[in-house]
Amino acid sequence: MARSPSRVQSRLEQKLQAQQHLSILALGDSFIGDEGCELVAEFLRNSPETTSLELRGNNIGCDGANFLGQALKYNSTVSSISLEWNSIGLVERGIENLVEGLCTNTSITHVDLRNNKIGPACGSAIARLLRENFTVKHLDLRWNELGTSGGKSLLDALVRNSSIQAIELSGNKIPHEILGEIEGLLERNQGGAGVTHAGAGATTGSDNGTNARVLTTFAYNTSPNRGSPFRASPSRISPSRTRVSTRGATSFDQPLFTQQAEDQRKEEINRRAEENEYIDDLSAKYESEVASHHKTEQKVYELELQLDQEKAKTRDCRNELLN
């Protein structure tokens, strides 16, 4: 027996009602799925106080992205949306649905799409976002699967976008030559100052009047732990040492960094497996209780029917005796 949708929706409705007048809608790891996104979309239409959406880890796919995209088309208050650790890119239409809404949105400046199974075929949709939206300043695409063709699509679109300040692309298997060109265009957008490396998660700063940045180790082929940037200890260095070589990733601490990322990835997988097992156990118990309840109701109904039949027989016998 499938889990009752009304029960899941009622829990989500309670959470939405509790956060109706808050600036941040926090629904991380709530497993709302695509159906839950329809309720979230309706919530956004009636909650102008909401400025930030936290929807990571919710098993959101193509249909859910469509609900959110439609809501964001006409929303002018949300400035940040986090969709990390979902499956929006599993079907190409999913990312297209979301981008459709973002392209006309004029308030969102930060978009987090980490770990969303965004493959090379989705590169054209992300490129469309860069060509048509000039409000988004920070786009996080780490730990997807854009590859060479996806990276080229982003690069071509970025040539015509001078407003975005940072695009993070670690773990997408994009060649370093393309990453270098993307970084150059981002530097152009910031007027030549130090910028966030495309995917490295660096920041800007100054040191003795000279622009400097926090450089972090760049992992090319590792997978992440959700919510953890997997950065080595940062150190402030001069701009002359921060340009990433197009011939390869930074070499210092790379084996240690890669092993650390792999260990944390395995730990996250095990944690998720335990959570899913616990949820499955609860679902099985709930469904068993529902089935048992239905059987009890059926038994009660049968007994009541039998009682009515016996009462009818008793009345018939009494009438015969009286006659």
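If you're wondering where the values come from, they're calculated on a predicted model, not measured in any experiment. (Residues numbered from 1 in each chain as written. Predicted model: local features only at pLDDT ≥ 70, side-chain atom pairs only at ≥ 80, totals over all residues. Heavy atoms only, no water.)

Draft legend 1. Structural context of the confidence of the model for the chain. Of all residues in the chain, 72% attain a pLDDT of 70 or more, and the chain-wide mean is 79. This model gives residues 193–257 a pLDDT under 50, and the stretch forms 145 contacts once residues within four places in sequence are excluded. (pLDDT = per-residue confidence, 0-100. Contact = heavy atoms within 4.5 Å.)

Draft legend 2. The arrangement of helix α4 (residues 92–102) in detail. By the burial criterion, the buried members of α4 are Gly94, Ile95, Asn97, Leu98, Val99, Gly101 and Leu102. Buried residues along α4 sit in contact with α3 (62–73), β4 (110–112) and α5 (123–132). (Buried < 20%, exposed > 50% of the residue type's maximum accessible area, 1.4 Å probe, protein only. Helix = DSSP H or I, 4+ residues; strand = E, 2+ residues; numbered from the N terminus.)

Draft legend 3. Quick peek at the packing of α3 against α4. Axis separation between α3 and α4 bottoms out at 7 Å; the angle between their running directions is 5 degrees. One way to sum up the angle between α3 and α4 is to call them roughly parallel. In this structure, α3 uses Cys62, Ala65, Asn66, Leu68, Gly69, Leu72 and Lys73 to contact α4, whose residues at the interface are Arg93, Gly94, Asn97, Leu98, Glu100, Gly101 and Leu102. Residue composition of the contact of α3 with α4, grouped by class: 6 nonpolar, 5 polar and 3 charged. (Axes fitted to C-alpha atoms, helices over the stretch in contact; angles between N-to-C directions. Parallel < 35°, antiparallel > 145°, perpendicular 65-115°, else oblique. Nonpolar A, V, L, I, M, F, W, Y, C, P; charged D, E, K, R; others polar.)

Draft legend 4. Quick peek at the pattern of salt bridges. Scanning the entire structure with this criterion turns up 12 salt bridges. Taking the shortest distance from any N to any O, the salt bridge between Asp140 and Arg142 comes out at 2.7 Å. Grouping residues by exposure puts Asp140 and Arg142 together as buried. Residues joined by salt bridges that share partners form a network here, namely Glu84, Asp112, Arg114, Asp140, Arg142 and Glu168. (Salt bridge = Lys/Arg side-chain N within 4 Å of Asp/Glu carboxyl O.)

Draft legend 5. Representation of the sheet that holds strand β6 (residues 166–168) within the structure. Sheet architecture is open: 6 strands sit in the order β1-β2-β3-β4-β5-β6, paired in parallel fashion. Each having just a single partner strand, β1 (24–26) and β6 make up the two edges of the open sheet. Neighbouring strand axes in the sheet, compared pairwise and without regard to direction, differ in orientation by 5 degrees on average. In this structure, strand β3 (residues 80–82) lies alongside β4, joined through 3 bridges in parallel fashion. Pairing of Ile81 across the sheet is with Val111, part of β4. (Pairing = 2+ DSSP bridges.)

Draft legend 6. Seen up close, helix α2 (residues 33–45). Helix length check: α2 (13 residues) gives 19 Å between terminal C-alpha atoms against 18 Å at 1.5 Å per residue, within 8%. Residues of α2 that are buried: Gly33, Gly36, Cys37, Val40, Ala41, Phe43 and Leu44. Seen from one end, α2 has its buried residues packed into an arc of 160 degrees, which puts them on one side. (Expected span 1.5 Å × (residues − 1). Arc of directions from axis to C-beta.)

Draft legend 7. Region of interest: the packing of α2 against α3. Packing of α2 against α3 leaves a shortest axis separation of 8 Å and a crossing angle of 5 degrees. Looking at the two axes, α2 sits roughly parallel to α3. Judged by residue contacts, Asp34, Cys37, Glu38, Val40, Ala41, Leu44 and Arg45 of α2 engage Cys62, Asp63, Gly64, Phe67, Leu68, Gln70, Ala71 and Leu72 from α3. Among the residues making up the contact of α2 with α3, the classes are represented as 9 nonpolar, 2 polar and 4 charged.

Draft legend 8. Structural context of the side chain of His138. Within the secondary structure, His138 is located in strand β5 (residues 138–140). Given a relative accessible area of 18%, His138 falls into the buried group. Within the structure, His138 has its side chain in polar contact with the side chain of His110 (distance 3.1 Å). Apart from residues lying up to four places away in sequence, His138 is in contact with Thr109, His110, Val111, Ile164, Ala166 and Glu168. (Polar contact = N/O pair within 3.5 Å; in protein donor to acceptor, adjacent residues only side chain to side chain.)

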